[in-house]
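Coordinate analysis (summary)
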Amino acid sequence: DINISTAILPAFDENPAATKRKKTTKKRFPKSFQALLEDPVNSPDVTQYNTAQVPVSRLPARNFCSVCGYRACYKCIVCGTKYCCIKCGETHTETRCLKWA
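Residues numbered from 1 in each chain as written. Predicted model: local features only at pLDDT ≥ 70, side-chain atom pairs only at ≥ 80, totals over all residues. Heavy atoms only, no water.

**Regarding the overall build of the protein**
Operational definition: The numbering of helices and of strands both runs from the N terminus, where a helix is a DSSP run of H or I of at least 4 residues and a strand a run of E of at least 2. Think of it in three bands: with a 1.4 Å probe and only protein chains considered, a residue is buried below 20% of the maximum accessible area for its type, exposed above 50%, and partly exposed in between. In this description, contact between two residues means that some pair of their heavy atoms is separated by no more than 4.5 Å. Shrake-Rupley sampling with a 1.4 Å probe provides the accessible areas, and residues are treated as covered by the protein chains on show and by no other component.
In terms of regular secondary structure, the protein is built from 3 helices and 2 strands. In the protein, the succession of helices and strands from N to C terminus is α-α-β-β-α. Within the span of the protein, comprising 101 residues, buried residues form 9% of the whole. When contacts within the protein are restricted to residue pairs at least 6 apart in sequence, those whose partners lie at least 24 apart make up 9%. Accessible area for the protein stands at about 10,400 Å²; split by element, carbon and sulfur atoms hold 55% of it.

Here it is, written out as structure tokens:
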């Protein structure tokens, strides 16, 4: 007869209904975004979405090219629009400069 080790065989329970767990789903967002905006919170410690503010930056404002969006180093003499290189400056002068407006 065959000798089979019990370590290899899985353990089966006599009463499988007793070991089943009820699946619970966690509600991540019980309220909609609109409901959260309209929900009044009386605590002054809580910052709401509508009243959140960022302090003024200590760094200087960044300048971007009006043609391509890269960092701008130059400024149009006529209208003051910023651009990054000679090619973008020529494109600005030919098509976007406000000197003719």
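**Side note on the side chain of His92**
Residue placement: His92 occurs in helix 3 (residues 86–96). On the basis of relative accessible area, His92 is assigned to the buried category, the value being 1%.

**Description of the state of the cysteines**
So the rule is basically this: For the purposes of this analysis, a disulfide is any pair of cysteine sulfur atoms at a distance within 2.5 Å.
For the structure shown, the criterion picks out 0 disulfides. With no disulfide of its own, Cys73 lies closest to Cys84 among cysteine sulfurs, the gap being 7.7 Å. For the unlinked cysteine Cys97, the closest cysteine sulfur is that of Cys76, found at 3.8 Å.

**Concerning helix 3**
Quick note on the threshold: An arc is given here, and it is the one of the directions from the helix axis to the C-beta atoms.
For helix 3, the complete set of buried residues consists of Cys88, Gly89 and His92. Along the long axis of helix 3, the arc covered by the buried residues comes to 105°, so they all point the same way. Among the exposed residues of helix 3, those oriented more than 90 degrees off its buried face are Ile86, Lys87, Glu94 and Thr95. In the core, the buried residues of helix 3 are packed alongside strand 2 (82–83).

**Description of the environment of Cys88**
Structurally, Cys88 is set in helix 3. Sequence spacing of Cys88 and Ala72 is 16 residues, and the spatial spacing of their C-alpha atoms is 9.9 Å. Residues within four places of Cys88 in sequence aside, it is in contact with Cys65, Val67, Cys68 and Tyr83.

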